[in-house]
Amino acid sequence: MKKKLRIIVITSVLMLLAMGALLWKAGQVSKQQKEKQEKALAEERDTSAGTSKVINKVNEVDRIPLYLSGQQKNVVTVDYQSVKEIYEGKQGDSAEKTLTNIKKNQNLTFHDPLWAYNPYGTNPQSMYVYFKTSGKAYCKYTISVDDTQIGDFTRTALNNAPDNLSKEHEYQIFGLLPGRTNYITLQLYNKDDELSDTATWKIDLPADETGVPQQLSVEKGYSKQTISNGLYTVFSEGTTGKDGKKHYAILLYDNSGVLRAHFPTDSYVGKNMQVIYDALVYECSADRVVSVNSLGQVTHSYPVYGYTLGGEYAYDGSGSLYMIATAGTKNATKNTKILKLELESGDVSQALDMDEVLSGVYKKIRKKSPKTAKNWLNIDSLQCTGTNQLLLSSSKMSGIFKVSQVGSLLPKLEYIISDPKLWKSYKSLSKKVLTKALADGQEPDATATPVVDSILDTPAPSELFDSQYGQNAIIYTRRSGTQYELEMLNNNTGTGAKAGQESQYYKYLVDEDAGTYQLKTSKELSAISGGGNVLAEDKVWITAEPSGKTIRETDKQDKLIRKYTLPITPYRVDKSDWKGFWFY
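Residues numbered from 1 in each chain as written. Predicted model: local features only at pLDDT ≥ 70, side-chain atom pairs only at ≥ 80, totals over all residues. Heavy atoms only, no water.

### Digging into the overall build of the chain
Put simply, the rule reads: Helix and strand definitions follow DSSP, with helices as H or I runs of at least four residues and strands as E runs of at least two, each counted in order from the N terminus. Think of it in three bands: residues with accessible area under 20% of the maximum for their type are buried, residues over 50% are exposed, and the middle band is partly exposed, with areas taken using a 1.4 Å probe on protein chains only. What sets the accessible areas is the Shrake-Rupley method with a 1.4 Å probe; for residues, cover comes only from the shown protein chains. This count recognises Lys and Arg as positive and Asp and Glu as negative, with His and chain-terminal groups excluded. Charge placement uses NZ in Lys and CZ in Arg. For Asp and Glu, CG and CD serve respectively.
Counting its secondary structure elements, the chain contains 7 helices and 35 strands. Per-residue burial for the chain yields a buried fraction of 49% across its 584 residues. Accessible area for the chain stands at about 28,800 Å²; split by element, carbon and sulfur atoms hold 50% of it. Of the charged side chains in the chain, 71 are positive and 67 negative; the average position of the first set lies 2 Å away from that of the second.

### What to know about unusual backbone geometry
Despite not being glycine, Q405 has its phi angle at roughly 55 degrees, a positive value. Note on placement: Q405 falls in the loop between β24 (399-404) and β25 (412-417). Using a relative accessible area of 41% as the deciding quantity, one classes Q405 as partly exposed. Even without being a glycine, A473 presents a positive backbone phi close to 55 degrees. Relative to the helices and strands, A473 resides in strand β27 (residues 472-478). Given the relative accessible area of 8%, A473 is considered buried.

### Some points on helix α5 (residues 359-368)
As a reminder of what qualifies: The arc refers to the directions leading from the helix axis to the C-beta atoms.
When we look at burial in α5, the residues that qualify are V361, Y362 and I365. Buried residues along α5 cover an arc of 95 degrees about the axis, so they all sit on one side.

### What to know about the nonpolar core
Definition in use: For the purposes of this section, nonpolar cores are sets of buried Ala, Val, Leu, Ile, Met, Phe, Trp, Tyr and Cys residues that join through side-chain atoms within 4.5 Å. The contact definition used throughout considers only heavy atoms, calling two residues in contact when any of these lie within 4.5 Å.
Grouped together as the largest cluster of nonpolar side chains are 58 residues, with contacts concentrated most on L186 and Y282. At 9 residues, the largest contribution of residues to this core is made by strand β4 (residues 126-145). If we skip the residues at most four places from it in the chain, L186 touches F110, W115, V129, F131, C139, K140, Y141, I173, D197, T198, A199 and W201. V361, A373, L382 and M397 belong to the second-largest nonpolar core, a separate cluster that totals 30 residues.

### A word on the pattern of salt bridges
A side chain of one charge can pair with a side chain of the opposite charge when the charged atoms of the two come close. What counts is decided by this rule: Put simply, a salt bridge is a Lys or Arg side-chain nitrogen that is within 4 Å of an Asp or Glu carboxyl oxygen.
Under the definition given, this model contains 18 salt bridges. Here K579 makes a salt bridge to E44, at a shortest N to O gap of 3.0 Å. Pair noted here: K579 is in the segment after β35 (570-576) and E44 is in helix α1 (residues 2-44), with a separation of 535 residues, a long-range link. For K579, a relative accessible area of 35% gives the class partly exposed. Note that D152 and K53 form a salt bridge whose closest N and O atoms lie 3.4 Å from each other. One end of the pair, D152, is in the loop between β4 and β5 (153-156); the other, K53, is in the loop between α1 and β1 (63-66), with 99 residues separating them in the sequence.

### Considering the packing of aromatic side chains
Test applied: Two aromatic rings from Phe, Tyr or Trp, using only the six-membered ring of Trp, form a pair when their centres are within 6.5 Å; if the ring planes differ by under 30 degrees the pair is stacked, by over 60 it is edge-to-face, and anything between is tilted.
Inspection of every chain in the model, using the stated rule, returns 25 aromatic pairs. Taking the centre distance of 6.1 Å and the plane angle of 85 degrees together, the rings of F110 and W201 count as edge-to-face. With a gap of 91 residues between them, F110 in the loop between α3 (90-105) and β3 (114-117) and W201 in strand β8 (residues 195-204) connect regions that are remote in the sequence. Assigned by exposure class, F110 and W201 land together as buried. Seen from their ring centres, Y506 and Y508 are 5.6 Å apart, and the 55 degrees between their planes marks the pair as tilted.

### Some words on the side chain of K507
In this structure, K507 sits in strand β29 (residues 504-511). Leave out the neighbours within four places in its chain, and K507 touches E485, L486, E487, Q518, L519, K520 and T521.

### Examining the pairing of strand β13 (residues 259-265)
For the record, the criterion: Between any two strands, at least two bridges found by DSSP are needed for them to pair.
Counting buried positions along β13 yields 7 of 7 residues, so the element is predominantly enclosed. Bridging between strand β12 (residues 246-253) and β13 involves 6 bridges; their strand directions are antiparallel. Each residue of the ladder has a partner; that of L252, found in β13, is A261. Count of turn residues in the β12/β13 antiparallel hairpin: 5 residues, of which G257 carries a positive phi of about 80 degrees.

### Brief notes about the side chain of T336
Here is the rule: In protein, a polar contact means a hydrogen-donor-capable atom and an acceptor-capable atom, both N or O and within 3.5 Å, with residues adjacent in sequence counting only if both atoms are side-chain atoms; elsewhere, any N or O pair within 3.5 Å suffices.
Of note, T336 is situated in the loop between β19 (320-327) and β20 (337-342). Take T336: its relative accessible area is 0%, and that puts it in the buried class. Among the polar contacts made by the side chain of T336, one reaches the side chain of D355 at a distance of 3.3 Å. Once residues within four sequence positions are removed from consideration, T336 is found in contact with A325, L352, D353, M354, D355, W376 and L377.

### Points about the environment of S217
Turning to its location among the elements, S217 is positioned in strand β9 (residues 217-220). The spatial distance from the C-alpha of S217 to the C-alpha of T565 is 5.2 Å, given a sequence separation of 348 residues. Each residue touching S217, except ones within four places of it in the same chain, is listed here: K563, Y564 and T565.

### Description of α3
Put simply, the test is: To estimate how far a helix should extend, the number of its residues minus one is multiplied by 1.5 Å.
With 16 residues, α3 extends 23 Å between its outermost C-alpha atoms, agreeing within 8% with the 22 Å of an ideal straight helix rising 1.5 Å per residue. Along α3, the residues that are buried comprise G92, A95, L99 and I102. Down the axis of α3, the buried set is contained in an arc of 85 degrees. They therefore lie on one face. In α3, the exposed positions angled more than 90 degrees off the buried face are occupied by K90, K97, K104 and N105. Here the buried face of α3 lies against β2 (76-77), β3 and β4.

### A closer look at the sheet that holds strand β14 (residues 273-276)
How we decide: Fitting a line to C-alpha atoms yields each axis, with helices limited to the stretch in contact; the angle taken between N-to-C directions then spans 0 to 180 degrees.
In space, the 4 strands of this open sheet follow the order β14-β15-β16-β17, with antiparallel pairing throughout. The sheet is open, and its two borders are formed by β14 and β17 (298-303), each paired with just one other strand. Averaged over all neighbouring strand pairs, the angle between strand axes comes to 25 degrees, with direction disregarded. The pairing of strand β16 (residues 288-292) with β17 spans 5 bridges and is classified as antiparallel. Across the sheet, S291 pairs through a bridge with H300, a residue of β17.

### Some words on the confidence of the model for the chain
Detailed reading of the predicted coordinates is not advisable wherever pLDDT falls low. Worth spelling out the cut-off: Residue-level confidence of the predictor is what pLDDT reports, using numbers from 0 through 100.
Of all residues in the chain, 92% attain a pLDDT of 70 or more, and the chain-wide mean is 90. Confidence drops under pLDDT 50 across residues 447-461; counting only partners more than four residues distant or on other chains, this segment forms 8 contacts.

### With respect to the pairing of strand β10 (residues 231-236)
For β10, the tally of buried residues reaches 6 of 6 residues, placing the bulk of the element in the interior. The alternating pattern of β10 places L231, T233 and F235 and Y232, V234 and S236 on opposite faces, both of which are buried. Of the pairings in the sheet, the one linking β10 to β35 comprises 6 bridges and is antiparallel in character. From the neighbouring strand, F235 faces β35, where its bridge partner is R572. Pairing of β10 with β12 involves 4 bridges; the strand directions are antiparallel. By the bridge assignment for β12, Y232 is matched with Y253.

This is the structure:
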């Protein structure tokens, strides 16, 4: 019996020691992975300007020259005559055939790869590269220039293989700067994250002729919060080029305010772009939507006939886009039509006419002033909330409209989120305005509580909170049941807004069953007009201020992390690390 007990005790101790060793090893692995992630994030924050640059560690003789022209030309180039030609796709298809033929007929290795300069025309700050390796590896790249004021741009390229390890490598390398000598350093790593090979190329890119701002003025704040990782996507007005013409583009800036990519558009810049079906979707002109893959190639081009697009679309999650538009007819009302684009077939149809949904308002305004009626509603933001259901925001009317049965002969206005005072003269619509409700633990606004001068006076109900006025850029998030959150920039402009009021970030909790909306969160901002938006991230706030031509990133205590001043007006801004599309 004692012998058996001794064996049990020894076995238990050995098992505990083994378990402890396993836990220790797992902890070490987790710690190493965390350290690796932190190191990668530090590289990708693009804030390390100075003398410590990758190119300084590469001897001049080891920098392989790339030539875009001349007798030594060793880079594929494609000529595009116009932005329209880029997005129609024919020239891009021709470029694809050229690259495919070279890949088939040449032995392309890491030290002798295929290079092409912006072969699809969609990003003049990019290079295409293709090569094969004998073993599976992943690729990290760094862009350097001979300027201590501009830090290196380092990313791990995505190859869409398991664990990002592949023998075949095909990437769009971007972050290059026009009008400069750019050094491209590629590094190969094996499955154990060990550096297995590296090489550096140098190339002189042509100067930018479009007037796109290459570097923003940056003010560093005193917040101790680390700036968020990613690139700012800026939707802005056009610039005047050296040719005296207007040029338009969607711009991507790093955290140091350096332009790292831009997508030229045709006399037009929308207000959003989104990865859908592994491709980047955006409105490239006032009558065309495109789908562009991670290599920069236009995979689908969707012309829109008979309408002018209004700048923003919403994806329904089921293969269709809803887009704000103006009919191409005489005396057409601005941005009152909603189009539906089916991405698979390319079919475009009018799904909603807000002139009809709000016919009582439209007719009354048209009767009073036909000229005013042309711009009476001007939908400027929309979100999909379900099958054939949309939220439509009109900053001009200070109203947000929920419409169901979109695409049917009888669309239904479900409700309006707005100040009820703005709808008193429309009896049928005033009943559609949702009721304000207090959030849990909140009290009515003390400043809005009326003063009772006499015991005979009957005080009016106190205002729980001010509704939004002149709002922009709504963001919808479904919560549970019939509840959802609705975020926006409350510009506090237009009819009903209090004079001298600052703009705010608003987050509502909308309860469709109860017919109520609560102000869950608000944040004071400087006065913003002319559009703009606010992004409430986990640890930071990002705000585009068109009237001040600035982008701000602040911490949750409203301390400034960085402020960017632009020479052009930023109508909308987004920020993404683009992991899963361009980067790993």
